[in-house]
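# Coordinate inspection notes
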Amino acid sequence: MLIRLLLRDPGLPSGILPLSEEFKASGWKMGASRLRMIVVA
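Residues numbered from 1 in each chain as written. Predicted model: local features only at pLDDT ≥ 70, side-chain atom pairs only at ≥ 80, totals over all residues. Heavy atoms only, no water.

### Here's the deal with the overall build of the protein
Let me state the cut-off plainly: A run of DSSP states H or I qualifies as a helix once it reaches four residues; a run of E qualifies as a strand once it reaches two. Both are numbered from the N-terminal end. Only protein chains enter the calculation, and the probe is 1.4 Å; a residue is then buried if its accessible area is under 20% of its type maximum, exposed if over 50%, and partly exposed in between.
Counting its secondary structure elements, the protein contains 3 helices and 0 strands. When the helices and strands of the protein are read in sequence order from the N terminus, they spell out α-α-α. Viewed in the frame of its principal axes, the protein has a C-alpha envelope of about 25 × 20 × 15 Å. Taking all 41 residues of the protein together, the buried fraction comes to 20%.

### Brief notes about the pattern of salt bridges
Test applied: By salt bridge we mean one thing: a side-chain nitrogen of Lys or Arg within 4 Å of a carboxyl oxygen of Asp or Glu.
Evaluated as defined, the whole model comprises 1 salt bridge. Of the charged contacts, one joins Glu22 and Arg8 as a salt bridge, the two residues approaching to 2.6 Å between their closest N and O atoms. Highlighted residues: Glu22 in helix α2 (residues 16-25) and Arg8 in the loop between α1 (2-7) and α2, separated in sequence by 14 residues.

### Considering the side chain of Ser20
Selection criterion: Nitrogen and oxygen atoms within 3.5 Å of one another constitute a polar contact, given that in protein one can donate a hydrogen and the other can accept it, and given that sequence-neighbouring residues count only through two side-chain atoms.
Along the chain, Ser20 turns up in helix α2. Ser20 gets classed as buried once you look at its relative accessible area, which sits at 1%. A polar contact is formed between the side chain of Ser20 and the backbone nitrogen of Ala32, at a distance of 3.3 Å.

Distances and angles like these do not, on their own, reveal function.
Here it is as structure tokens:
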């Protein structure tokens, strides 16, 4: 996930919900709550 964040366009929104939607659109099966747990930890 860290590499994915590093390689994404820095101009895109970086909140939990936009990231979650972006990841889901590319095939990841990770919801906003799971992403929030990873980012906060």
